Amino acid sequence: MRQHDADVSDANATYVFAVCRDPDPSSCAGLPGVTHEAPVRLLALDSFTAIVQTVRARDFTDEAWQSRLSDQRELERYARAHHDVVSVVAAACPTVPLPMATVYHADERARDALTKETARFRAALKRIAHHAEWGVKVYAPPAATAATAATAATAATAATAATATTAPTDDADRRADRPGVTTGRGRPAAGAGLAYLERKRGAQRLRERSQEDALRTAETVDEQVGRLATASRRLRPHPQPSTDRRVQILNATYLVAERRSEELALLTRTLQERTGAQIELSGPWVPYSFVGEV
């Protein structure tokens, strides 16, 4: 989030949702925005139009936002309200979304600052026109996930073998009580150590091979989808819930022409069948990831 010249007084400020080209004025009608005290409206710039709303400056100071960050429900409400406005406008015309809480002290301050960014807005609008953002998450094929289980099974087998060679039976205990009887207590069976090491090596080879296969799968999906897309970005894998045993091997986002959306859906289904990996396709979204720093 960014704040610009937000005053701590009771004065009003100008909240900017997005910058776009030739928006339909009716597209903003009735949108609640981030406050119910003023309507979402258009603000003319030299070459473009900003989608703005009048808000209370005191609601967008550093202190106010630090307090809001500790209130997850309130923060989500603002994020949803911001995204709803951007999505409606973007559905009607090419739109560059601005970060949540982009606030200026007044319309003139907003107009001056945004006009200075005309070149950036022009480049971004040219890049994303008639495009949408799509997310692709790929999870390792079952064979790769099973490698972890195989390693655990090896450890369990080793523990069982160790118990079997060190824990005497009741019969062995009785023999140990008789003079001159050797029980062999603590002696592993012949070749048990070599067998254990070989199981460990086999599990390690299986894990390494599965990891390599998973990485190749991720690269294959990224390469194939990247050929169809206009631009792409690799993201950090999302942490999985403790109840989700899947292993995420790719988290990426792609800028795809609207006319190729069906082709993208078909491609991801084909790749899933071919690789055995689980592929999740989400979208279309407003292309937040491809507008650059504005």
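The coordinates are above.
Residues numbered from 1 in each chain as written. Predicted model: local features only at pLDDT ≥ 70, side-chain atom pairs only at ≥ 80, totals over all residues. Heavy atoms only, no water.

Structural notes on unusual backbone geometry
Right, on to step 1. With an omega dihedral of 0 degrees, the bond running from Gly283 to Pro284 counts as a cis peptide bond.
Right, on to step 2. Looking at the element boundaries, Pro284 is found in strand 9 (residues 278–285).
Right, on to step 3. One non-glycine residue with positive phi stands out, namely Ala101, at about 70 degrees.
Right, on to step 4. Summarising the element assignment, Ala101 is placed in the loop between strand 4 (95–97) and strand 5 (103–104).
Right, on to step 5. With relative accessibility at 0%, the residue Ala101 sits in the buried group. (Helix = DSSP H or I, 4+ residues; strand = E, 2+ residues; numbered from the N terminus. Buried < 20%, exposed > 50% of the residue type's maximum accessible area, 1.4 Å probe, protein only.)

Details of the nonpolar core
Right, on to step 1. Counting 25 residues, the largest nonpolar core has Tyr15, Phe17, Val34, Ile51 and Phe60 as the members making the most contacts within it.
Right, on to step 2. Where this core is concerned, the elements lending two or more residues are strand 1 (12–20), strand 3 (49–56) and helix 2 (72–90).
Right, on to step 3. At six residues, the largest contribution of residues to this core is made by helix 2.
Right, on to step 4. Val221, Leu228, Ile249 and Ala252 belong to the second-largest nonpolar core, a separate cluster that totals 21 residues. (Core = buried A, V, L, I, M, F, W, Y, C linked by side-chain atoms within 4.5 Å.)

Looking at the packing of aromatic side chains
Right, on to step 1. A full pass over the atoms with the stated rule returns five aromatic pairs.
Right, on to step 2. Taking 4.7 Å as the distance between ring centres and 50 degrees as the angle between the ring planes, the aromatic pair formed by Tyr15 and Phe17 counts as tilted. For the pair formed by Tyr15 and Phe17, the shared burial category is buried.
Right, on to step 3. Geometrically, the ring pair formed by Phe60 and Trp65 is tilted, given 5.9 Å between the ring centres and 45 degrees between the ring planes. Across the pair, Trp65 and Phe60 agree in class, each one buried.
Right, on to step 4. Among the aromatic side chains, those forming a connected cluster through ring pairs are Tyr15, Phe17, Phe60, Trp65 and Tyr78.
Right, on to step 5. We note Arg77 situated over the ring of Tyr78; from NZ or CZ to the ring centre the distance is 4.6 Å.
Right, on to step 6. Its end group placed over the ring of Tyr139, Arg246 keeps NZ or CZ at 3.8 Å from the ring centre. (Phe/Tyr/Trp six-rings, centres within 6.5 Å; stacked < 30°, edge-to-face > 60°. Lys NZ or Arg CZ within 6 Å of the ring centre and 35° of its normal.)

Topic: the environment of Val136
Right, on to step 1. When you line up the elements, Val136 lands in strand 6 (residues 131–139).
Right, on to step 2. The contacts of Val136, once residues within four sequence positions are left out, are Val221, Leu250, Asn251, Ala252, Tyr254, Ile279, Glu280 and Leu281. (Contact = heavy atoms within 4.5 Å.)

Topic: the layout of surface pockets
Right, on to step 1. Approximately 350 Å³ is the volume attributed to the largest pocket.
Right, on to step 2. Lining the largest pocket we find 20 residues, and of these Ala90, Ala91, His131, Ala132 and Glu258 sit closest to its centre.
Right, on to step 3. Those elements giving two or more residues to the lining of the largest pocket turn out to be helix 2, strand 6, strand 8 (248–257) and strand 9.
Right, on to step 4. Top element by residues in the lining of the largest pocket is strand 6. It accounts for three residues. (1 Å grid on protein atoms, 1.4 Å probe; cavity = no way out; pocket = protein on both sides within 12 Å on 5 of 7 lines; lining within 4 Å. Points joined across faces, edges and corners; volume = space filled by probe spheres on them.)

What to know about helix 4 (residues 118–128)
Right, on to step 1. Within the sequence span of helix 4, burial applies to Thr118, Phe121, Ala124, Leu125 and Ile128. Taken around the axis of helix 4, the buried residues stretch over an arc of 130 degrees, which confines them to a single face. Of the exposed residues in helix 4, those oriented more than 90 degrees away from the buried face are Ala119 and Lys126.
Right, on to step 2. The positive-phi residue at the C-terminal boundary of helix 4 is His130, with phi of around 60 degrees. (Arc of directions from axis to C-beta.)

Quick notes on the sheet that holds strand 7 (residues 231–234)
Right, on to step 1. With antiparallel pairing, the four strands of this open sheet are ordered in space as 7-8-6-9. Only two strands of the sheet have a single partner each, and these edge strands are strand 7 and strand 9. Strand-to-strand twist across the sheet, computed as the mean angle between neighbouring axes with direction ignored, equals 20 degrees.
Right, on to step 2. Here strand 6 runs beside strand 9; their pairing, made up of six bridges, is antiparallel. The residue of strand 9 that forms the bridge with Tyr139 is Gln278.
Right, on to step 3. Contacts from helix 8 (residues 261–275) reach strand 6, strand 8 and strand 9 within the one sheet, and its direction differs from that of strand 9 by about 170 degrees. (Pairing = 2+ DSSP bridges. Axes fitted to C-alpha atoms, helices over the stretch in contact; angles between N-to-C directions.)

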